[in-house]
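Residues per chain, in single letters:
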Amino acid sequence: STLASLVAENAFRMAGLPAENITAVTMPGFGTSDRTHSNASELMRLLGFTCREIPISAPTLAMFDAIGHDAENKNVVYENAQARIRADILFNVANAENAFVIGTGDLSEAALGWCTFGGDDLAHYNPNASVPKTLVRELVRHIASVRGGDLGKVLSDIAETPISPELVAGQETEKIVGKYELIDFIMFFFGKRHAGYSDIKNLCLAVFEELDEDEIVETLDRFYDRFKKTRFKRSSLSEGANLLGFSLPYFPDDIDYELI
């Protein structure tokens, strides 16, 4: 969301439009940390956006009550309900403001299916669609160094924050899916070079000498497994520019296949 905000702000600047015409919404929930909440609020203020805060805990609990879900059961329902309520709020705000929703999901999340179907995968347009997670972080670091000042400090702290959807307190994405440096390396040779499993494994072993073979194989297997199982999510992703000159291979949802 940080990179999407910076893209929107720059687009408005190039068009000669005031940044206050951008409505930025922060939606703290059950897992939102003080660090990310503070950084989100400060970032919106420093960029000159029209800021809104709409907490999602109450509407999520109302949803749990409506469907009979125990709020103490922090399973996929607990997580996805929050993401879908956030999407609902954004689209309704967009209707009210005669605006459109800017997406935040990146290429790495699309490859892994690390998004909520009908939730954070939805937008009217997504500037991050073709940007890998590691590049998202490096772009934010670069912009922090260029812009400097209070904005640079906030952006630097955001870039150093552990990656997390914060749907559950203390959640860290890389402890679940693996290191994004390795994932994005795999994704490049898989999507751009169309390399096979054993070739990618050998490349990983040669490049990531600090990682043991078990971690590399586990991450590679998880990438292949998630890429196949979550392809239905990529069928409905929002449009965005192809900035790096390659996209993820497309496989129809209703055709079985083996990745080798």
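Refer to the structure presented above.
Residues numbered from 1 in each chain as written. Predicted model: local features only at pLDDT ≥ 70, side-chain atom pairs only at ≥ 80, totals over all residues. Heavy atoms only, no water.

1. Here we look at the overall build of the protein
Along the backbone of the protein there are 12 helices and two strands. From first element to last, N terminus to C terminus, the protein shows the α and β order α-β-α-β-α-α-α-α-α-α-α-α-α-α. Against the compact-globule benchmark of 18 Å for 260 residues, the protein has a radius of gyration of 19 Å, which places it among compact chains. Across its three principal directions, the C-alpha atoms of the protein cover 50 × 50 × 30 Å. When each of the 260 residues of the protein is scored for burial, the buried share is 43%. For the protein, the share of sequence-separated contacts (at least 6 apart) that also reach a separation of at least 24 residues comes to 71%. (Helix = DSSP H or I, 4+ residues; strand = E, 2+ residues; numbered from the N terminus. Rg over C-alpha atoms; globule rule 2.2 N^0.38 Å. Buried < 20%, exposed > 50% of the residue type's maximum accessible area, 1.4 Å probe, protein only. Contact = heavy atoms within 4.5 Å.)

2. Section: the nonpolar core
Core analysis: the largest hydrophobic core is formed by 28 residues, its most contacted members being Ile-200, Cys-204 and Phe-223. At the level of elements, helix 5 (107-112), helix 9 (180-191), helix 10 (197-207) and helix 11 (213-229) are the ones that each hand at least two residues to this core. Looking at which element gives the most residues to this core, the answer is helix 9, with eight residues. The residues contacting Phe-223, other than those within four sequence positions of it, are Ala-111, Leu-112, Ile-183, Ile-186, Met-187 and Phe-190. Ala-8, Phe-49, Val-136 and Ala-159 belong to the second-largest nonpolar core, a separate cluster that totals 19 residues. (Core = buried A, V, L, I, M, F, W, Y, C linked by side-chain atoms within 4.5 Å.)

3. Side note on the pairing of strand 1 (residues 23-26)
Relative to strand 2 (residues 50-53), strand 1 runs parallel, the two sharing four bridges. Within strand 2, the residue paired with Ala-24 across the bridge is Cys-51. Crossover handedness for the path strand 1 to helix 2 (residues 34-46) to strand 2: right-handed. (Pairing = 2+ DSSP bridges. Right-handed = clockwise from strand over helix to strand, strands pointing away.)

4. What to know about the environment of Leu-248
Take Leu-248: it is sitting in the segment after helix 12 (231-234). Residues Leu-248 and Phe-188, 60 residues apart in the sequence, show an inter-C-alpha distance of 9.1 Å. Setting aside residues up to four positions removed in sequence, Leu-248 forms contacts with Leu-107, Ala-110, Ala-111, Met-187, Phe-227 and Arg-234.

5. As for the side chain of Gln-171
Relative to the elements of secondary structure, Gln-171 occurs in the loop between helix 7 (149-160) and helix 8 (174-177). Exposure remark for Gln-171: the relative accessible area of 12% places this residue in the buried category.

6. With respect to the packing of helix 9 against helix 11
Remark: helix 9 packs on helix 11, axes separated minimally by 10 Å, with the N-to-C direction vectors making an angle of 55°. When the axis of helix 9 is compared with that of helix 11, the two are oblique. Seen along the crossing, helix 9 lies across helix 11 with a hand that is right-handed. Residues Leu-182, Ile-183, Ile-186, Met-187 and Phe-190 of helix 9 form the contact with helix 11, whose own contacting residues are Glu-215, Ile-216, Thr-219, Leu-220, Phe-223, Tyr-224 and Phe-227. Along the lines of polarity and charge, the residues of the contact of helix 9 with helix 11 split into 10 nonpolar, one polar and one charged. (Axes fitted to C-alpha atoms, helices over the stretch in contact; angles between N-to-C directions. Parallel < 35°, antiparallel > 145°, perpendicular 65-115°, else oblique. Left-handed = near helix turned anticlockwise from the far one by under 90°. Nonpolar A, V, L, I, M, F, W, Y, C, P; charged D, E, K, R; others polar.)

7. As for the environment of Met-44
Among the secondary structure elements, Met-44 is positioned in helix 2. The exposure class assigned to Met-44 is buried, which follows from its relative accessible area of 9%. Along the primary structure Met-44 and Val-25 are separated by 19 residues, whereas in three dimensions their C-alpha atoms are 8.6 Å apart. When sequence neighbours within four positions are dropped, the list of residues in contact with Met-44 reads Ala-24, Val-25, Thr-26, Phe-49, Cys-51 and Arg-52.

8. Concerning the environment of Glu-160
Following the sequence through the fold, Glu-160 ends up in helix 7. Taking relative accessible area as the criterion, Glu-160 reaches 48% and is therefore assigned partly exposed. Here the alpha-carbon distance between Glu-160 and Tyr-78, two residues 82 residues apart in the chain, equals 27 Å. Once you skip the residues sitting within four places of it in the chain, Glu-160 turns out to touch Arg-35 and Arg-141.

Distances and angles like these do not, on their own, reveal function.
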